[in-house]
Structures are given as C-alpha cells and as structure tokens.
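Each chain, letter by letter, is given below.
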Amino acid sequence: QTYLLALSRLPLLLFTKQLTTIRTNIHALDITSPHISRRDFATISSISSIGIMSSSAAVAKNSKKPLVVAVIGYTGGVGTCLLSAMKQIDMKPFALVRSSTMKINQGVEVPVDYNALGSQILREAANIGGIPVIADVTASSKVQEEYQPWLSKGISVCTANKGIFAGKEDTYQSLLTASAKSGAQLRHETTVGAGLPILSTISSLRASSHKIHKIEGVLSGTLAYVLGAVAGGKMTLSQAVINAKELGYTEPDPRMDLNGMDVARKAVILARISGLTGVELDALAIESLVPPALESCSVEEFLSGLSKHDDEFANKVKAVEATPGSRLHYAAKVDLMSKNPKDRVIVGPMACEASHPFNGAGPDNLIAITTNFYSSRPLVVQGAGA
C-alpha cells in the first residue's frame, strides 16, 4: 500500500521544489501568534496547493502559475487572519469581498455582484496566465449558492464553510460534478477538524487502495472538555457546562454545542469523503446532551435548570466507568461496513474501553480511521481543533 500511495501522488513529485518552498514558508509563520490560527494555516495551505495541483507541465520546468484569489469575508476574524497569513507568504488577494461591497484589484468599493466577481477573476487569470481561486471564509449560505456556477466556469473554491457539504446530497454531488467537468478544484479541508489534515488523509488513503471500514471522531473541543470534566465525578454536568461557557469554549447558547448538530454535520462530511452515499443530516441518529425539558427555554433558564439533570448524567458516566479504564466521549462514528443503514452514521455519547484512542485525546480533536490495511490498529490524526 505504501507504493500505491506514492504512485497516487506521482504528479506532485514533478513539483517537489515548489511544494517544499510553500511548506517552508507556511511553517515559518508564527503559529504562536494570536492573530493566526491553525484554521488559517490549513486554508492558506489549501489555496497554495491549488496552484501546485492545477498547474500544467510548465510547472515541471520550475515556473509557477500565479493565483488570482478573491477572499470573501475578509473583515471577519478568520478573514483578517487569512489575509495576514497570505501577506507573510507574499500571496496578494486580487479581490476583497464582504457582505455588501467588494473591491477588485485595489479599486474602489462597489456593491457585491458575484457573477461580475467571477468574470473579473477569470479575465485576470486569462491575462496573466494564472489560476482563478475564490476563498470563502464566511458562514453564508448565499455565498455557497455560487460555488456550483464558479466551479462550472473553472474557478477553484477553497472554503471553511461546512454548510453545503453537510447539506442535501444531490447539491453536494453537483459540486463534485462541476469540479470534475471544469477541472477547477474544490477544497474544504477545514470543514472538519479545522487545521488538522483529516479530509486529505482520508482522500489519500482511498486513492492508494485503502478501503475505509470505519471512522470514529471526537470533533468538538467543547464537548471534549465537558465530558473530560465529568469523568471520574470531578464535576457535575451543569458545573462543566457553566465552566466551559465562562472560559469561552461554548457558543453564547451552550445548547448549540450540546445538541450535537455541529458534530453531526462533520460526520456527514466524513461519510461522504469516505465514499458513503445516501447520507442526509436530517435522517441521522443524533443523541443530544440537552434535556428535552430545556430545549426551548431561555439560556438563563437552561443554565439554572441543568443541575436537575446532573444525577441522571452522572449515572451514565458511572455505568461506563464501572469497566476499568473505560470512558464516555461524545463522538461521531461512520461505519461503512454496517449492514444496517441506520447504524452507518451515529452521533452521540460513546463508551470507549481503555485501549481506545479517544482515551488519550484530552481536549484535542481526534480521528481514528480503520481500513483494510489499518485493521487491528486504526490510523490516528490528532491535534488542536482550532
């Protein structure tokens, strides 16, 4: 399988010098800087790699096609960090776009027109022999509606917006079809695990004769903290949630984390990248940590009322920990070998025996990938999720 993996990456061998330069520049950035996150490193890596993977044989002669990049959402927290990272590797944006206005090639701001934006990026790319790329760092569904038209026209899309990739399967498939027909690339590495190389690892395994059997993932730093805090009876559930909120680990409404929907979206993306079809978010088995009685009340009422459910949750934890070394984790499981379609994607609390990789994850995101070759010991990708 090692040889097959190398073979699948053969086109990259022509571009070793360029790839090494890009990686060196990216790693030279100050990862400890509060202004640049791991998500930005992954996004900038994806943008850079589009230039490598899309380039023609001319790149093999040590020439490099310039990237014509439009950054959508450049005024937000992630957007400003992305621009800072791009600056440090001398990658200048051709267009800057926010919710209501856009600025093309350092010109004046004009009202947003996504069709015009695509046309101008394509025109500039044609003029300079470059590669058109749109980097979307918003959470906007309106922007995602433009992905398919952009891809169809030959504009590569690099995004951290997970919505459309966990949405309706036919919409997702239309993106893949548009990308395949035009040759434009669709990169969304940061939609699962932020800066961790999770989706690319799965894709590389599938391209090198691995058959994905199962993927298990701790995909929420918030839930990892909460479940870690209640382990061994160190805290009650309500105490852990309140602490997580005070530390800034949760959404303003912690139920947005505790209901498991964000983990479920990531599970759908993992399933699709792994080759599983017929997976829809609204049909998944998702076990929420939010008591039904507290689903519709105010945030204040939720926080004050959660303590009434502490004993019930503590009993669940104790039942799992009755087996020495076992722990309860909130996780996603994608089981491609299951004969029951309802059991192929599951999201919720998972009891893990002492030897399970999750028990060494701490607050990290962790993915354990079981394949036909990694069968007795899964391949693990672990690290900070943001």
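Read on for a plain summary of the structure. (Residues numbered from 1 in each chain as written. Predicted model: local features only at pLDDT ≥ 70, side-chain atom pairs only at ≥ 80, totals over all residues. Heavy atoms only, no water.)

**With respect to the overall build of the protein chain**
Turning to step 1, where the next piece is worked out: Scanning the protein chain from terminus to terminus reveals 16 helices and 13 strands.
Turning to step 2, where the next piece is worked out: Classification of the 386 residues of the protein chain by burial places 47% in the buried group.
Turning to step 3, where the next piece is worked out: In the protein chain, once contacts between residues fewer than 6 apart in sequence are set aside, the share between residues at least 24 apart is 64%.
Turning to step 4, where the next piece is worked out: Element-wise, carbon and sulfur atoms account for 53% of the exposed surface of the protein chain, whose accessible area totals about 18400 Å². (Helix = DSSP H or I, 4+ residues; strand = E, 2+ residues; numbered from the N terminus. Buried < 20%, exposed > 50% of the residue type's maximum accessible area, 1.4 Å probe, protein only. Contact = heavy atoms within 4.5 Å. Areas by Shrake-Rupley, 256 points an atom, 1.4 Å probe, with all protein chains shown as cover.)

**Notes on the sheet that holds strand E1 (residues 67-72)**
Turning to step 1, where the next piece is worked out: Ordered by their spatial adjacency, 7 strands build an open sheet running E4-E3-E2-E1-E5-E6-E7, and the pairing between neighbours is mixed. This sheet does not close on itself; its edge strands, each paired only once, are strand E4 (109-111) and strand E7 (186-187).
Turning to step 2, where the next piece is worked out: Both E1 and strand E5 (residues 131-136) contribute to a ladder of 6 bridges, which runs parallel. In the strand pairing of E5, Val 71 is matched with Ala 135.
Turning to step 3, where the next piece is worked out: Along the sheet face, helix H5 (residues 77-88) touches E1, strand E2 (93-97) and E5 and points at about 160° away from the line of E1.
Turning to step 4, where the next piece is worked out: On the sheet, helix H6 (residues 114-128) packs against E1, E2, strand E3 (101-104) and E5 and is oriented at approximately 160° with respect to E1. (Pairing = 2+ DSSP bridges. Axes fitted to C-alpha atoms, helices over the stretch in contact; angles between N-to-C directions.)

**Topic: the packing of helix H11 (residues 221-230) against helix H12 (residues 237-246)**
Turning to step 1, where the next piece is worked out: Across the interface, H11 lies against H12 with an axial gap of 9 Å and an inter-helix angle of 140°. Relative to H12, H11 is oriented oblique. Here the hand of the crossing between H11 and H12 comes out right-handed. Contacts from Tyr 225, Val 226, Ala 229 and Val 230 in H11 reach Leu 237, Ala 240, Val 241, Asn 243 and Ala 244 in H12.
Turning to step 2, where the next piece is worked out: Residues of the contact of H11 with H12, tallied by class, amount to 8 nonpolar, 1 polar and no charged. (Parallel < 35°, antiparallel > 145°, perpendicular 65-115°, else oblique. Left-handed = near helix turned anticlockwise from the far one by under 90°. Nonpolar A, V, L, I, M, F, W, Y, C, P; charged D, E, K, R; others polar.)

**Side note on the packing of aromatic side chains**
Turning to step 1, where the next piece is worked out: In total, this model carries 5 aromatic pairs according to the counting rule given.
Turning to step 2, where the next piece is worked out: With a centroid separation of 6.4 Å and 35° between ring planes, the pair formed by Tyr 147 and Phe 165 is classed as tilted. With Tyr 147 in helix H8 (residues 147-152) and Phe 165 in the loop between strand E6 (156-159) and helix H9 (169-182), this pair connects stretches of sequence that are 18 residues apart. Taken as a pair, Tyr 147 and Phe 165 share a single burial class, namely buried.
Turning to step 3, where the next piece is worked out: Ring centres 5.2 Å apart and planes at 70° place the aromatic pair Tyr 225 and Tyr 249 in the edge-to-face group. With Tyr 225 in helix H11 and Tyr 249 in the loop between H12 and helix H13 (255-258), the pair connects residues that are 24 residues apart, well separated along the chain.
Turning to step 4, where the next piece is worked out: By the ring-pair criterion, three or more aromatic residues cluster together here, those being Tyr 114, Tyr 147, Trp 150, Phe 165 and Tyr 172. (Phe/Tyr/Trp six-rings, centres within 6.5 Å; stacked < 30°, edge-to-face > 60°.)

**A closer look at unusual backbone geometry**
Turning to step 1, where the next piece is worked out: Although it is not a glycine, Asn 105 sits at a positive phi angle of roughly 50°.
Turning to step 2, where the next piece is worked out: With respect to the helices and strands, Asn 105 occurs in the loop between E3 and E4.

**Focus: the nonpolar core**
Turning to step 1, where the next piece is worked out: Ranked by size, the top nonpolar core spans 76 residues in total, and within it Leu 117, Trp 150, Ile 198 and Leu 270 carry the most contacts.
Turning to step 2, where the next piece is worked out: Top element by residues in this core is helix H14 (residues 261-273). It accounts for 8 residues.
Turning to step 3, where the next piece is worked out: Aside from chain neighbours lying at most four places away, what touches Ile 198 is Glu 189, Val 192, Gly 193, Leu 270, Ile 367 and Val 381.
Turning to step 4, where the next piece is worked out: With 14 residues, the next largest nonpolar core counts Val 69, Val 71, Tyr 74 and Leu 83 among its residues. (Core = buried A, V, L, I, M, F, W, Y, C linked by side-chain atoms within 4.5 Å.)

**Focus: H12**
Turning to step 1, where the next piece is worked out: For H12, every residue scored as buried is listed here: Leu 237, Ser 238, Ala 240, Val 241 and Ala 244. Each buried residue of H12 sits inside an arc of 165° when the element is viewed along its axis, so together they form one side.
Turning to step 2, where the next piece is worked out: Those residues of H12 that are buried lie in contact with H11, H13, helix H15 (299-305) and helix H16 (310-321).
Turning to step 3, where the next piece is worked out: Gly 248 occupies a position one or two residues after H12 and carries a positive phi of about 85°. (Arc of directions from axis to C-beta.)

**Topic: the pairing of E3**
Two faces, one strand: in a regular strand the side chains alternate between the faces of the sheet.
Turning to step 1, where the next piece is worked out: With 3 bridges joining them, E2 and E3 adopt antiparallel strand pairing. Bridge pairing links Leu 96 to Lys 103 in E3.
Turning to step 2, where the next piece is worked out: Linking two consecutive strands that pair antiparallel, namely E2 and E3, is a turn of 3 residues.
Turning to step 3, where the next piece is worked out: In this sheet, E4 lies alongside E3 in antiparallel orientation, the contact comprising 3 bridges. Bridging across to E4, Lys 103 finds its partner in Glu 109.

**Section: the pattern of salt bridges**
Turning to step 1, where the next piece is worked out: Applying the stated criterion across every chain yields a total of 7 salt bridges.
Turning to step 2, where the next piece is worked out: In this structure, Asp 262 and Lys 162 form a salt bridge, with 3.3 Å as the shortest nitrogen-oxygen distance. Pair noted here: Asp 262 is in helix H14 and Lys 162 is in the loop between E6 and H9, with a separation of 100 residues, a long-range link.
Turning to step 3, where the next piece is worked out: Residue Arg 272 pairs with Glu 280 through a salt bridge whose shortest N-O separation is 3.5 Å.
Turning to step 4, where the next piece is worked out: For Arg 272, a relative accessible area of 6% translates into the label buried.
Turning to step 5, where the next piece is worked out: Where salt bridges share partners, they join Lys 162, Asp 262 and Lys 266 into one cluster. (Salt bridge = Lys/Arg side-chain N within 4 Å of Asp/Glu carboxyl O.)

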